[in-house]
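# An overview of the molecular structure
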Amino acid sequence: MSSPVMNGQSTAKGCRLGLAWLVCCFALNVQAARSQGTDAGVFVLRGDETGIKFVHNDGGTGNYFVVEPYSAGLAICDYDNDGREDVYFLNGASLRRQHSKGVANSLFRNTEAWRFQQTTKLARVGDTGHGLGVATADIDADGFIDIYVSNYGSNLLYLNNGDGTFSDGSRVSGLDGEKRFSAGVAFFDMDADGDLDLYCGNYQRFQIEQHRVRMIGEAQFHPGPLDFPPEYDQLFENKGDGHFIDVSGNLRRQIPSTAMGTLAADFDSDGDCDILVMNDTRPNYLWVNDGKGRFEEQGLITGVAFDRTGRANGNMGVECRDLDGDGRLDLVTTTYQDEMPVIYQNSGGVFTDATNRFSIDRSLHPHVNWGLGLEDFNLDGFPDIFVGCGHFMDNVGQISDKTQLNVRDYLQFGTPQGFASPSEVPSNASLPLRSARGAAFADLDVDGDIDIVVSNWNQPASILENRLNAKERPLVLRLIGIESNREGVGATVTVTSKGRIQQAAVHAGRGYQSCYGKLLYFSVEESQPRVSVRVDWPGGTTNEYDVDAGELDSSNPLLLFEKSSK
């Protein structure tokens with residue numbers, strides 16, 4: 001059997017990493033495509049030369065339907081197994097017709113450093129429905145990434161054929177259910193049987209003929225989360241033969257709500273995957289797993305249902321990572337206008353609103369926040385926070401002078417004391433102000449650091465190349481499940497060095513209705529020869545790996561194979 005730790009062509013005996021995962025930040029005004037002239041380095045806005053010429057379209061026709069503002073998320077994944085991360089954008093559609101001519105989801109294949117090829121038609125993934133959320137994972141264990149799209153209408157499963165093309169597997173898989181207003185989705189192993197199940201968040205019970213005209217003075221606006229009845233979420237069990245069955249009854253005593261971002265991880269460290277659902281203007285849900293795929297909703301008693309004032313925010317996206325170096329996954333959620341993003345600090349399965357302690361930039365308060373990432377962009381051992389911002393009211397100026405449709409995005413760097421004071425990064429060109437939705441993060445040019453892709457509402461996507469000066473070496477990990485699912489989705493990885501801890505999890509659905517990050521990125525001090533890595537696999541197995549830091553290669557991820565528990 002293969003060694004449990006491999007680095008491409010050679011075996012690695014250990015895994016080195018250790019840095020205190022506290023949170024960071026100095027508010028990086030990503031409104032700048034920065035030059036390389038500063039000590040800290042810069043992000044650079046890439047343009048049409050990359051081949052990514054995607055422009056989002058919400059399908060709006062001037063009716064201000066409630067569905068339009070929520071499109072859409074995006075996914076970054078390696079669908080053709082060539083070692084480079086590809087990008088899949090969701091698009092909207094005219095709700096009068098359900099499908100819009102010329103408006104479709106788009107797939108861009110990464111062919112070389114900052115060169116992408118439009119492969120939507122070739123791959124047969126150009127759905128023309130009204131896209132909202134997306135999750136990617138190898139759901140049939142054939143070694144290739146499949147794509148699940150949540151729509152307003154019928155959701156869709158694209159099965160990867162392994163030859164660069166996909167087939168519509170919605171019907172054969174049993175995932176072609178009734179039409180709904182879906183939102184965030186996530187694959188995870190709910191019952192520790194080694195295959196991936198599916199959680200589908202739903203937003204409202206809304207049909208076009210129920211549309212309400214909402215006026216403030218003489219101006220028309222989109223209806224909101226309380227204007228239509230909330231909807232039940234759905235849970236689907238993977239039977240292991242390519243077929244899913246609806247087991248939503250396993251969500252005990254479920255109350256319908258307005259789901260947006262969803263995230264699955266072992267939040268209480270008991271060896272199984274729980275589900276976190278961020279609800280819009282209603283209490284958030286934390287579905288705690290009993291280990292057998294049955295769930296109790298414990299958002300209130302665990303502290304994530306409301307913020308510290310007892311308020312149910314207009315929640316959008318959600319992320320988790322260990323922000324304070326204590327070996328527990330903390331949570332961050334983005335929120336609506338006149339609300340701050342919220343940091344929920346994990347104290348062992350119970351969470352506390354620690355937003356003030358971590359010093360998120362207060363200038364975010366007037367804006368609507370959407371896409372979200374917790375990545376170590378400058379490789380200093382502390383997770384940074386990216387927040388994509390922008391309104392959905394093109395006439396918001398008629399009711400507020402504090403925000404606009406198009407505003408800047410935020411990036412704050414982490415420090416041991418929390419997020420650092422706001423500061424604009426010097427630049428040689430201004431990044432256009434846009435209205436962000438989904439955001440995804442990956443090393444698109446295989447140079448060891450994390451780049452940024454943002455899908456902007458009714459505007460071109462933003463592609464930001466990371467040229468920050470790394471402070472340490474990257475440790476890039478890919479998990480290979482043996483008894484668990486092949487990608488290790490749901491696993492928690494802890495890297496320790498000199499008593500300092502970095503921790504992250506593998507997800508298949510995260511942020512604002514988006515998906516990315518099957519590779520995990522940590523940083524390693526130059527002086528450290530070895531690092532300890534612990535993987536808590538979905539299902540409860542724990543493996544320890546000792547990594548030789550001298551064998552690390554940012555272009556060749558370190559493969560950590562699950563060791564048999566037998």
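Residues numbered from 1 in each chain as written. Predicted model: local features only at pLDDT ≥ 70, side-chain atom pairs only at ≥ 80, totals over all residues. Heavy atoms only, no water.

### A look at the overall build of the protein chain
Rules: Helix and strand definitions follow DSSP, with helices as H or I runs of at least four residues and strands as E runs of at least two, each counted in order from the N terminus. Radius of gyration here uses only the C-alpha atoms, and the compact-globule reference equals 2.2 Å multiplied by the residue count raised to the power 0.38. Partly exposed describes any residue whose relative accessible area lies between the buried limit of under 20% and the exposed limit of over 50%, with all areas from a 1.4 Å probe on protein chains only and scaled to the type maximum.
The helix and strand tally for the protein chain stands at four helices and 43 strands. For a compact globule of 566 residues, the expected C-alpha radius of gyration is about 24 Å, and the protein chain comes in at 22 Å, within 12% of that figure. When its C-alpha atoms are laid out on the principal axes, the protein chain stretches across 65 × 55 × 50 Å. The buried share among the 566 residues of the protein chain stands at 64%.

### Re the domain arrangement of the protein chain
How big an interface is tends to be stated in terms of accessible area lost as the parts join. Cut-off, in case you're wondering: For the domains described, the bounds stem from an automatic or database domain assignment. Note on contacts: a residue pair is in contact if any heavy atoms of the two residues lie within 4.5 Å. Buried area: the accessible surface (1.4 Å probe) lost by two parts on joining, summed over both. Salt bridge, as used here, is a side-chain nitrogen of Lys or Arg placed within 4 Å of a carboxyl oxygen of Asp or Glu. Pairing of N or O atoms within 3.5 Å defines a polar contact, subject to two protein rules: one partner must be a possible hydrogen donor and the other a possible acceptor, and residues neighboring in sequence count only if both atoms are side-chain atoms. Each residue is assigned to one of three groups, with Ala, Val, Leu, Ile, Met, Phe, Trp, Tyr, Cys and Pro labelled nonpolar, Asp, Glu, Lys and Arg labelled charged, and all others, Gly among them, labelled polar.
One can read the domain layout of the protein chain as domain 1 (43-474) and domain 2 (475-561). Of note, the centres of domain 1 and domain 2, computed from C-alpha atoms alone, are 22 Å apart. Counting residues at the interface gives 66 residues for domain 1 and 42 residues for domain 2. Summed over both sides, the interface of domain 1 with domain 2 buries roughly 4,100 Å², with 51% coming from carbon and sulfur. Applying the counting criterion to the domain 1 and domain 2 interface returns two salt bridges. Residue R510 is joined to E319 by a salt bridge in which the shortest nitrogen-to-oxygen separation is 2.7 Å. If you look at where domain 1 meets domain 2, you find 29 residue pairs in polar contact (both at pLDDT 80 or more). Counting residues per element, the ones that place at least two in the side of domain 1 that touches domain 2 are β6 (74-77), β10 (130-137), β14 (180-188), β20 (259-265), β24 (318-321), β28 (369-375), β34 (436-442) and β37 (473-480). In terms of residue class, the side of domain 1 that touches domain 2 is made up of 34 nonpolar, 16 polar and 16 charged.

### What about the environment of V213?
Relative to the helices and strands, V213 resides in the loop between β15 (197-202) and β16 (214-216). Under the relative-accessibility criterion, V213 is labelled exposed at 56%. Note: C-alpha distance between V213 and G540 (327 residues apart in sequence) is 51 Å.

### Observations regarding the packing of aromatic side chains
In plain terms, the rule: Two rings belonging to Phe, Tyr or Trp (six-membered ring only in the last case) form a pair when the distance between their centres is within 6.5 Å. Interplanar angles under 30 degrees mark stacking, angles over 60 mark edge-to-face geometry, and anything in between is tilted. Counted as over-ring charges are cases with an Arg CZ or a Lys NZ within 6 Å of the ring centre that also lie within 35 degrees of the ring normal.
Applying the stated rule across the entire model yields 22 aromatic pairs. Considering the side-chain rings of F386 and F441, the 5.6 Å spacing of their centres and the 70° angle between planes classify their relative orientation as edge-to-face. One end of the pair, F386, is in strand β29 (residues 384-389); the other, F441, is in strand β34, and 55 residues separate them in sequence. In this structure F441 comes out as buried when scored by relative accessible area, which is 2%. By way of ring pairs, the aromatic residues Y70, Y152, F181, Y203, F206, F228, Y336, W370, F392 and Y512 are connected into one cluster. Here the basic side chain of R212 rests over the ring of F228, its NZ or CZ set 5.0 Å away from the ring centre. Residue placement shows R408 over the ring face of Y410; its charged tip is 3.7 Å from the ring centre.

### Some points on the side chain of D443
Rules: Positive charges come from Lys and Arg, negative ones from Asp and Glu, while His and the chain ends are left out of the count.
With respect to the element layout, D443 can be found in the loop between β34 and β35 (451-456). It is R84 that comes nearest to the buried, bridge-free D443 among opposite-charge side chains, at 7.7 Å. For D443, the side chain forms a polar contact with the main-chain nitrogen of V446, separated by 3.0 Å. Once you skip the residues sitting within four places of it in the chain, D443 turns out to touch E85, G448, D449, I450, D451 and Y521.

### So, the environment of N395
Positionally, N395 belongs in the loop between β29 and β30 (410-412). Assessed through its relative accessible area of 10%, N395 is described here as buried. Apart from residues no more than four positions distant in its own chain, N395 is found in contact with Y64, A219, Q220 and F221.

### Overview of the pairing of β29
In plain terms, the rule: Only when DSSP finds a minimum of two bridges between them are two strands counted as paired.
With six of six residues buried, β29 is to be regarded as a mostly interior element. Where β29 lies against β30, three bridges are found, and the strand directions are antiparallel. Within β30, the residue paired with F386 across the bridge is L411.

### Structural notes on the pattern of salt bridges
By the definition in use, this model includes 24 salt bridges. Note that D326 and R328 form a salt bridge whose closest N and O atoms lie 3.3 Å from each other. The exposure class assigned to R328 is partly exposed, which follows from its relative accessible area of 32%. One salt-bridge network, held together by shared partners, links R252, R253, D290, R294 and E296.

### Some remarks on the sheet that holds strand β26 (residues 342-346)
Across a sheet, paired strands are connected by hydrogen bonds in the backbone, their directions being either parallel or antiparallel. What counts is decided by this rule: Helix axes use the C-alpha atoms of the stretch in contact, all axes being lines fitted to C-alpha atoms, and the angles between their N-to-C directions lie in the range 0 to 180 degrees.
Sheet architecture is open: four strands sit in the order β24-β25-β26-β27, paired in antiparallel fashion. If you trace the sheet from one side to the other, it starts and ends with β24 and β27 (351-353), each paired once. Across this sheet, the average inter-strand angle for adjacent strands is 25°, counted without regard to direction. Relative to β27, β26 runs antiparallel, the two being bridged by three bridges.

### Considerations on the nonpolar core
Note that soluble globular proteins tend to have their nonpolar side chains buried in a common cluster. Counted only if it meets this: We define the nonpolar core as a collection of buried residues of types Ala, Val, Leu, Ile, Met, Phe, Trp, Tyr and Cys that are connected through side-chain atoms lying within 4.5 Å of one another.
F187, V493, V533 and V535 are the most contacted members of the largest nonpolar core, which has 37 residues in total. Shared between two domains, this core holds at least three residues of each, these being domain 1 (43-474) and domain 2 (475-561). Setting aside anything within four residues of it in sequence, one finds V535 in contact with L479, A491, T492, V493, T541, T542, N543, Y545 and L560. Counting 33 residues, the second largest nonpolar core, distinct from the first, contains I76, W114, F386 and L431.

### Digging into the confidence of the model for the protein chain
To keep things clear, this is the line we draw: Per-residue confidence from the predictor is reported as pLDDT, which spans 0 to 100.
Averaged over all residues, the pLDDT of the protein chain equals 89, while 90% of them reach at least 70. Taken as a whole, residues 1-38 scores under 50 in pLDDT and shows 221 contacts with residues more than four places along the chain or in a different chain. In the model, residues 423-428 has pLDDT below 50 throughout and makes 23 contacts with residues more than four positions away in sequence or in other chains.

### Focus: the sheet that holds strand β8 (residues 106-112)
Strand order in the open sheet formed by four strands is β6-β7-β8-β9, and the pairing between neighbours is antiparallel. In this open sheet, the two edge strands, each paired with only one partner strand, are β6 and β9 (115-118). In this sheet, adjacent strand axes meet at a mean angle of 25° when their direction is disregarded. When strand β7 (residues 86-89) meets β8, the two strands line up antiparallel, connected through three bridges.

### Examining the side chain of S182
Residue position: S182 is located in strand β14. Among the polar contacts made by the side chain of S182, one reaches the side chain of N202 at a distance of 2.8 Å. Non-local contacts of S182, meaning those with residues more than four positions away in its chain, are made with L132, S150, N151, N155, C200, G201 and N202.

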